[in-house]
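Each chain, written out:
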Amino acid sequence: MQNNEEIPDGIAEPLSAMVLGADIPMPYKHEPCKISSELLKQYIGKWVGNIYDIPLPIEIFIKDNKLYRKIEGQSDVELIPESDSKFFYGDGQDKQFEFVHNKNGEVTKGWFISSGVKFQRDKIKKIAANRTVGSG
């Protein structure tokens, strides 16, 4: 039994990764920081990738000068910056999103991190910086 809405693989995957010798970072206290709105705009768009072998597209958008993650059929979740490129989920889940800049300074890749396990996400479409998406 779990205390949140995680799928069972959310527990099994990190445990099996540890047994197999993967480097799983320990949980830590997230400390919010301020970043520029111009930097936030680089992260908005449609992102694709698999989570536990399940395709899960997401949208990253700005609402009220804050970054949010949207998944169809789920409530929007604020992504709170803890550095210029790493954000933690504002709903208390042990999840983060880390954006990666390429050598040209563009953001085309990121990492969804759940219980220490990283899943690659690829940016496929930029959306308008002023787009507002309502809560799910």
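Look up a bit, the structure's there.
One structure accompanies this document, and this report is about it.

The subject of this paragraph is the environment of Ile-62. Along the chain, the position of Ile-62 falls in strand 4 (residues 58–63). With relative accessibility at 11%, the residue Ile-62 sits in the buried group. Along the chain, Ile-62 and Leu-79 lie 17 residues apart, while their C-alpha atoms are 9.8 Å from each other.

Moving on to the pattern of salt bridges. The final tally for this structure, using the stated rule, is four salt bridges. Taking the shortest distance from any N to any O, the salt bridge between Glu-59 and Lys-46 comes out at 3.2 Å. Placement of Glu-59 in strand 4 and of Lys-46 in strand 1 (residues 45–48) is noted, with a sequence separation of 13 residues between them. With a shortest N-O distance of 3.3 Å, Asp-76 and Lys-70 are connected by a salt bridge. Look at Asp-76 and you get buried, because its relative accessible area is 15%.

What follows concerns unusual backbone geometry. The phi dihedral of Asp-64 falls on the positive side, at around 55°, and the residue is not glycine. Here Asp-64 lies in the loop between strand 4 and strand 5 (66–70).

Bringing the environment of Asp-84 into the picture now. Here Asp-84 lies in the loop between strand 6 (77–81) and strand 7 (86–89). A sequence separation of 14 residues divides Asp-84 from Glu-98, and the C-alpha atoms of the two residues are 9.2 Å apart. Apart from the residues within four sequence positions on either side, Asp-84 is in contact with Ile-35, Leu-39 and Tyr-43.

Further remarks concern the side chain of Lys-95. Here Lys-95 lies in strand 8 (residues 95–101). Its relative accessible area of 13% is what places Lys-95 among the buried residues. A distance of 2.9 Å separates the side chain of Lys-95 from the side chain of Gln-93, its partner in a polar contact.

As a further point, take the nonpolar core. Residues Tyr-43, Trp-47, Ile-60, Leu-67, Phe-87 and Phe-99 are the most contacted members of the largest nonpolar core, which totals 23 residues. When residues no more than four places from it in sequence are discounted, the contact partners of Leu-67 are Leu-40, Tyr-43, Ile-44, Ile-60, Phe-61, Ile-62, Val-77, Glu-78, Leu-79, Phe-87 and Phe-99.

For the coordinates displayed, the defined rule picks out ten aromatic pairs. Aromatic pair Phe-61 and Tyr-68: ring centres 5.6 Å apart, planes at 20°, arrangement stacked. Both residues of the pair, Phe-61 and Tyr-68, belong to the buried class. When the ring of Phe-97 is compared with that of Phe-99, the centres are 4.6 Å apart and the planes differ by 40°; the resulting orientation is tilted. Take Phe-97 and Phe-99: they sit in the same class, and that class is buried. Grouping aromatic residues by their ring pairs yields a cluster made of Tyr-43, Trp-47, Phe-87, Phe-97 and Phe-99. Lys-118 extends its terminal NZ or CZ atom over the ring of Trp-111, reaching a point 5.2 Å from the ring centre.

Turning our attention to the pairing of strand 4. The buried fraction of strand 4 is high, at five of six residues. Bridge count for strand 1 against strand 4 is three bridges, and the pairing is antiparallel. Note that in strand 4 the partner of Gly-45 across the bridge is Ile-60. Here five bridges tie strand 4 to strand 5, and the two strands are oriented antiparallel to one another. Across the sheet, the residue bridging to Ile-60 is Arg-69, located in strand 5. Hairpin connection between strand 4 and strand 5: a loop of two residues separates the two successive antiparallel strands, and Asp-64 in this loop has a positive phi of roughly 55°.

Rules and cut-offs
- Residues numbered from 1 in each chain as written.
- Predicted model: local features only at pLDDT ≥ 70, side-chain atom pairs only at ≥ 80, totals over all residues.
- Heavy atoms only, no water.
- Helix = DSSP H or I, 4+ residues; strand = E, 2+ residues; numbered from the N terminus.
- Buried < 20%, exposed > 50% of the residue type's maximum accessible area, 1.4 Å probe, protein only.
- Salt bridge = Lys/Arg side-chain N within 4 Å of Asp/Glu carboxyl O.
- Contact = heavy atoms within 4.5 Å.
- Polar contact = N/O pair within 3.5 Å; in protein donor to acceptor, adjacent residues only side chain to side chain.
- Core = buried A, V, L, I, M, F, W, Y, C linked by side-chain atoms within 4.5 Å.
- Phe/Tyr/Trp six-rings, centres within 6.5 Å; stacked < 30°, edge-to-face > 60°.
- Lys NZ or Arg CZ within 6 Å of the ring centre and 35° of its normal.
- Pairing = 2+ DSSP bridges.

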